[in-house]
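Chain residues, written in single-letter form:
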Amino acid sequence: MLFVSLSNSIHALDKSASPGEELLGQFEFRIELPPWVAEFLGRGPQVFATEEERMRLAIALARENVERQTGGPFGAAVFDEEGRLVAPGVNVVVTSNCSILHAEMVAIALAQKKLARYDIGDEGRSHYALVASTEPCAMCFGAIPWSGVTRLVCGARDEDARRIGFDEGPKLSDWHKALQKRGIRVTRDVLREEAVAVLDLYAGLGGPIYNAGRHG
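Attention here is on the structure that accompanies the text. What you see is a predicted model, and the numbers here were worked out from it, not measured in a lab.

Focus on the overall build of the chain
Moving on, step 1. Looking only at helices and strands, the chain has 9 helices and 7 strands in total.
Moving on, step 2. When each of the 216 residues of the chain is scored for burial, the buried share is 48%.
Moving on, step 3. In the chain, 67% of the contacts between residues at least 6 apart in sequence involve partners at least 24 apart.
Moving on, step 4. When the accessible surface of the chain is split by element, carbon and sulfur atoms take 52% of a total near 11,400 Å².

If you want it as structure tokens, here you go:
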């Protein structure tokens, strides 16, 4: 199982620990991909030469996530300039009981941990792309400029996700232009029909629409 632990643990048997330290020891934040992801990636290529090949991986991750009932209908991945996969991501909001674990957020966080830097692009010295099966919601849109990626490639559109019930949040209408002004090149509608088919599959199977404060 692939995971990244984002916290330090405090030994419960340390009797000298203060009440605050004992409380802190109860908290841990861990990003955990479903067990099938490692085997799934192991069957694929090491390099994804074209934009379409990279998008097909993101869409395939989303579809597997739906069919295996391990999360929502969204997949993402971070690639380097040569098309090598740096980190995958799938939506695990429901299975992890954590609203921030969208596919893009997972892929970004795993890439940062793998590269051992919060700025994926290393202050502009390297170029990485985030490929997402669906355009980012308001949260993921906000995270992209701080991630260090210099490209965003999207499949399905925002309205495709909203159509099946997902609340994408209060996002700028010209969000893609806002990213481009910050030096992040955005490509939309790559294999859109294939990406939309995964959203429709999820809706057809009655997958939960996990909008906080709303029933779905």
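The structure having been displayed, the exposition proceeds.
A short note on helix H6 (residues 138–147)
Moving on, step 1. Among the residues making up H6, those that are buried are Cys140, Phe141, Ala143, Ile144 and Ser147. Across the axial projection of H6, the buried residues extend over an arc of 165°, all falling on one side.
Moving on, step 2. Structurally, H6 contributes buried residues whose contacts are with helix H5 (103–115), strand E5 (128–134), strand E6 (151–156) and helix H8 (175–181).
Moving on, step 3. Looking one or two residues past H6, glycine 148 carries a phi angle of roughly 100°, positive in sign.

Structural notes on the sheet that holds strand E3 (residues 75–80)
The strands making up a sheet associate through hydrogen bonds between their backbones, and the pairing can be parallel or antiparallel.
Moving on, step 1. With respect to topology, 5 strands assemble into an open sheet ordered E4-E3-E5-E6-E7, the strand pairing being mixed. A strand with exactly one partner marks an edge of an open sheet, and here the two such strands are strand E4 (85–90) and strand E7 (185–187). In this sheet, neighbouring strand axes are inclined to one another by 15° on average, regardless of whether the strands run parallel or antiparallel.

Notes on the packing of helix H3 (residues 51–67) against helix H9 (residues 192–204)
Moving on, step 1. Where H3 contacts H9, the two axes come as close as 10 Å, and the packing angle between them is 10°. Comparing their axes, H9 and H3 come out roughly parallel. Residue-level inspection shows Arg56, Ile59, Ala62, Arg63, Val66 and Glu67 of H3 in contact with H9, the latter providing Glu194, Ala195, Ala197, Val198, Leu201 and Tyr202.
Moving on, step 2. Of the residues contributing to the contact of H3 with H9, the split by class is 8 nonpolar, no polar and 4 charged.

Observations concerning H3
Moving on, step 1. Taking 1.5 Å per residue as the helical rise, H3 with its 17 residues ought to reach 24 Å, and the 24 Å between its terminal C-alpha atoms agrees with that figure.
Moving on, step 2. Of the residues trailing H3, glutamine 69 is marked for its positive phi of about 55°.

Focus: the nonpolar core
Moving on, step 1. Among the nonpolar cores identified, the biggest contains 61 residues, and Met55, Leu57, Leu130, Leu152, Phe166 and Leu179 are the most heavily contacted of them.
Moving on, step 2. The residues contacting phenylalanine 166, other than those within four sequence positions of it, are Pro73, Phe74, Ala161, Tyr202, Pro208, Ile209, Tyr210 and Asn211.

Some points on the packing of aromatic side chains
Moving on, step 1. Summed over the entire model, instances satisfying the criterion amount to 5 aromatic pairs.
Moving on, step 2. With a centroid separation of 5.5 Å and 65° between ring planes, the pair formed by phenylalanine 48 and phenylalanine 79 is classed as edge-to-face. Linking phenylalanine 48 in the loop between helix H2 (36–42) and H3 with phenylalanine 79 in strand E3, this pair joins segments that are 31 residues apart in sequence.
Moving on, step 3. Judged by relative accessible area, phenylalanine 48 falls into the buried class, the value being 7%.
Moving on, step 4. What makes phenylalanine 79 buried here is its relative accessible area of 0%.
Moving on, step 5. Geometry around tryptophan 175 places lysine 171 over its ring, the cationic atom sitting 4.6 Å from the centre.
Moving on, step 6. Above the face of the tryptophan 146 ring, arginine 182 is positioned so that its terminal group lies 5.0 Å from the ring centre.

Reading the values: the criteria
Sequence order sets the numbering: in each chain, residues are counted from 1 along the sequence as written. Given that the model is predicted, a residue must reach a pLDDT of at least 70 before its local features are reported, and side-chain atom pairs must reach 80 or more before they are shown or counted; all residues, however, enter totals for whole chains, interfaces and linings. Think of the side-chain values as coming from all heavy atoms in the structure, minus any hydrogens and water. A run of H or I in DSSP counts as a helix once it spans at least four residues, and a run of E counts as a strand once it spans at least two, with each numbered from the N terminus. A simple rule labels every residue: compare its accessible area, found with a 1.4 Å probe on the protein chains alone, to the largest value its type can have, and call it buried under 20%, exposed over 50%, or partly exposed in between. Any two residues whose heavy atoms approach within 4.5 Å are treated as being in contact. To measure how exposed things are, a 1.4 Å probe is used in the Shrake-Rupley method; for residues, cover is taken only from the protein chains shown. Arc definition: directions from the helix axis to the C-beta atoms. Criterion used throughout: strands pair if DSSP finds at least two bridges between them. A fitted line through C-alpha atoms serves as each axis, taken over the contacting stretch for helices, and the angle formed by two N-to-C directions is quoted from 0 to 180°. Between 65 and 115 degrees an angle is taken as roughly perpendicular, under 35 as roughly parallel, over 145 as roughly antiparallel, and anywhere else as oblique. Nonpolar residues are Ala, Val, Leu, Ile, Met, Phe, Trp, Tyr, Cys and Pro. Charged residues are Asp, Glu, Lys and Arg, and all others, Gly as well, are polar. In this analysis, the expected span of each helix is defined as 1.5 Å times one less than the number of residues it contains. Buried Ala, Val, Leu, Ile, Met, Phe, Trp, Tyr and Cys residues that are joined via side-chain atoms within 4.5 Å together make up what is termed a nonpolar core. Between the rings of Phe, Tyr and Trp (Trp by its six-membered ring), a pair exists once the centres lie within 6.5 Å; its type follows the angle of the planes, with under 30 degrees stacked, over 60 edge-to-face, and the other angles tilted. Either the NZ atom of lysine or the CZ atom of arginine qualifies as a charge over a ring when it sits within 6 Å of the ring centre and within 35 degrees of the ring normal.

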